[in-house]
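Listed here are the chains, written in short residue letters.
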Amino acid sequence: MYLRQLDISGFRGIKRLSIMLRANMVLIGENSWGKSSLLSALSLILNAENGLYHFTEADFHRSEDMKSITLLFTFSEGNVNEEHDQFDAPVQRLFVPHEDGYKRIYLRVTGELNSQNEVITQYSFLDQLGHCIKLDNIEDIVQKMIQYHPIYRFRDARLNHHKANSQPLKYAECADQTIKEIYAVMELVKYYFVEEQPSQTIMSMDPGKLWYMAQSLCYRLEQDADHSLQKRLIDTIFPLFEYHQKPNEKIIHSERIRPILLLEDLATRLHPRMVAIVWKLTSYLPIQRITTTNSVDLISLVELKSICKLVRYADRTIAYQLKRHDLGKEDLRRLTFHIHHNRSLALFARTWILVEGETEVWILSELAKLLGIDLDIEGIRIVEFAQSGIRPLIKYAKAMGIEWYALTDGDEAGRKYTETVKDMLSEDESVSQRVMTLPKQDIEHFFYTQGFEEVFIRLSHWQPQGEHYPMHKIIQRAIQRTSKPDLAIAISNEIEKRGKESIPFLFKRLFSKVVNLTKTQES
């Protein structure tokens, strides 16, 4: 059994959100778009502390039309033939059938303000019709569900208000290397994610050695065929986060228990190499993992299908992620190489300008500056598509809530790209909303004919023979004698000299459309 879905209404920074959770999920999204509120909903309700959480006035969404809170946790069988007798009898009663064959358990938590301005919190389990299941000992059963899915929140230790539930580590001389490596990981976890004042913590050895031992453990886990090492690692680390564990009480992690690990902004304190080690270690644990990040380094380690992007609109927040059949195997492979490994920053963008090649990237970047448009601040990225093809990029942008606009050449290849865009438009979209085709064969020829021929002639060192100025040959020689970035800067300098009025209207219109698309997402 695992946590499959969470529906949120009126909780903190989230007005409405429905999110499908996976075994491994990485959340990205701008500040104030709901990542922290989502993690708080998970860690407050499925918390490791004694007693059920009760909402406070601070938990209510700030909008005036939201007077209540609803959190609906949907737990699902991991496989159709999952044995229910491994769970306690009261929990077995909660499973309800679903059309996909995997039974569900629905836990609903609500908060209301009564006439005395007191917050009333209620927990209930629902049947397949959404009706409350009558239970005599609801609190005990909720506590049992929390025990099956305990939350462990890994974040910068300097933000913690709890002290680690362990004594200073001492390495036994007789301990084998594997034990030492597990203890090294435990010590690193304490220092970076648990201790309230890590700056005052004395480590048992040089931190570099501890990280080397953690790296070595990664390779051991890779060879751990019977998962015995996984169990030893999880039994060692997770007790650090049991804040109210009784003295000498042993925590047992059986097959029915599926911990949920929240990794919050790993890269805040860690070097990219250390991020990679932590990511690798956690990937071997039999847990459900939810990570938030703004780090390009971490995103480069993650499969595209594991990335979930939160986008906030005026009336709701939408969780965008790739579904199983959104991209074919070959499209996914090409897109992963093109965007994921080489241009991961583009995954954080609000809007993509899709262009054919390198020249367009450089020229549009310079034109944006001249127009006073800061692409980074606006959340706009220019992404070239010649290597991966335009279709998989548009598919991914649609799946992830990224707005997009394409600029294509006027040659035969460019016209084919334009036709691809037309094929991918929704019924309510027009061609002009999503693509602009140059009236010339490429961007260099376009600028040459827009009064910038002197730039090309100068860069090409063309020696005219009479009045003969072959456009194509001059453009090719200008690129060969300089470079595409130099050509873009030269055109930009000439426009700056002449004034903004000399920027072709076609590009002013392009940026106007792109900026308007970007503003559809709430800031």
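1. As for the side chain of lysine 309
No. 1: Among the structural elements, lysine 309 can be located in strand 10 (residues 307-312).
No. 2: Here lysine 309 sits buried without a salt bridge, and the closest side chain of opposite charge, glutamate 30, lies 6.6 Å off (N-O distance).
No. 3: Sequence-distant contacts of lysine 309, defined by excluding residues within four places in its chain, comprise Ile28, Ile318, Ala319, Tyr320, Leu347, Phe348, Ala349, Arg350, Met400 and Ile402.

2. Some details on the sheet that holds strand 3 (residues 24-28)
No. 1: Pairing in this open sheet of six strands is mixed, and the strands run 7-8-9-3-10-11 from one edge to the other. With partners counted over all chains shown, the strands left at the sheet margins are strand 7 (151-154) and strand 11 (317-321), one partner each. Strand-to-strand twist in this sheet, taken as the mean axis angle between neighbours without regard to direction, amounts to 20°.
No. 2: Across five bridges, strand 8 (residues 260-264) lies against strand 9 (residues 288-292) in parallel orientation. Across the sheet, the residue bridging to isoleucine 260 is glutamine 288, located in strand 9.
No. 3: Sheet strands touched by helix 1 (residues 35-45): strand 3, strand 7, strand 8, strand 9 and strand 10. Its angle to strand 7, the strand with the most contacts, is close to 140°.

3. Some points on the packing of aromatic side chains
No. 1: Across all of its chains, the model carries twelve aromatic pairs by this definition.
No. 2: Between the aromatic rings of tyrosine 192 and tryptophan 211, the centroid separation amounts to 5.7 Å while the plane-to-plane angle is 50°, which identifies the pairing as tilted. Note that tyrosine 192 is positioned in helix 4 (residues 177-194) and tryptophan 211 in helix 5 (residues 207-222), a separation of 19 residues in sequence. Take tyrosine 192 and tryptophan 211: they sit in the same class, and that class is buried.
No. 3: Ring plane angle 70° and centroid distance 5.6 Å describe the contact between phenylalanine 446 and phenylalanine 507, whose orientation is recorded as edge-to-face. With phenylalanine 446 in helix 14 (residues 443-460) and phenylalanine 507 in helix 17 (residues 505-518), this residue pair connects regions lying 61 residues apart in the sequence.
No. 4: Judged by its relative accessible area of 3%, phenylalanine 446 is buried.
No. 5: Through a chain of ring-to-ring contacts, the aromatic side chains of Phe446, Phe447, Phe452 and Phe507 assemble into a single cluster.
No. 6: When the ring centre of tryptophan 279 is taken as reference, the NZ or CZ atom of arginine 289 above it lies at 3.8 Å.
No. 7: One Lys or Arg, arginine 498, reaches over the ring of phenylalanine 452 and ends 4.4 Å from the middle of that ring.

What counts as what
Each chain carries its own residue numbering, running from 1 in the written order of its sequence. Totals for whole chains, interfaces and linings use all residues, but because this is a predicted model, local features are given only for residues with pLDDT of at least 70 and pairs of side-chain atoms are given and counted only at 80 or more. The basis for every side-chain value is the complete set of non-hydrogen atoms in the structure, without hydrogens or water. Working definition: helices are DSSP H or I runs of at least four residues, strands are E runs of at least two. Numbering for both runs from the N terminus. Exposure is judged per residue with a 1.4 Å probe applied to protein chains only, and the accessible area is read against the type maximum: over 50% gives exposed, under 20% gives buried, and values in between give partly exposed. Two residue types count as positive, namely Lys and Arg, and two as negative, namely Asp and Glu; His and chain ends fall outside the count. Any Lys or Arg side-chain nitrogen found within 4 Å of a carboxyl oxygen on Asp or Glu counts as a salt bridge. Here, two residues are considered to be in contact whenever any of their heavy atoms come within 4.5 Å of each other. Criterion used throughout: strands pair if DSSP finds at least two bridges between them. Fitted lines through C-alpha atoms serve as axes, helices being fitted only where they are in contact, and the angles separating the N-to-C directions of these axes extend from 0 to 180 degrees. Any Phe, Tyr or Trp ring, taking Trp's six-membered ring, that has another such ring centre within 6.5 Å forms a pair; planes under 30 degrees apart are called stacked, those over 60 apart edge-to-face, and the others tilted. As a reminder, the over-ring test applies to NZ of lysine and CZ of arginine, requiring each to be within 6 Å of the ring centre and within 35 degrees of the ring normal.

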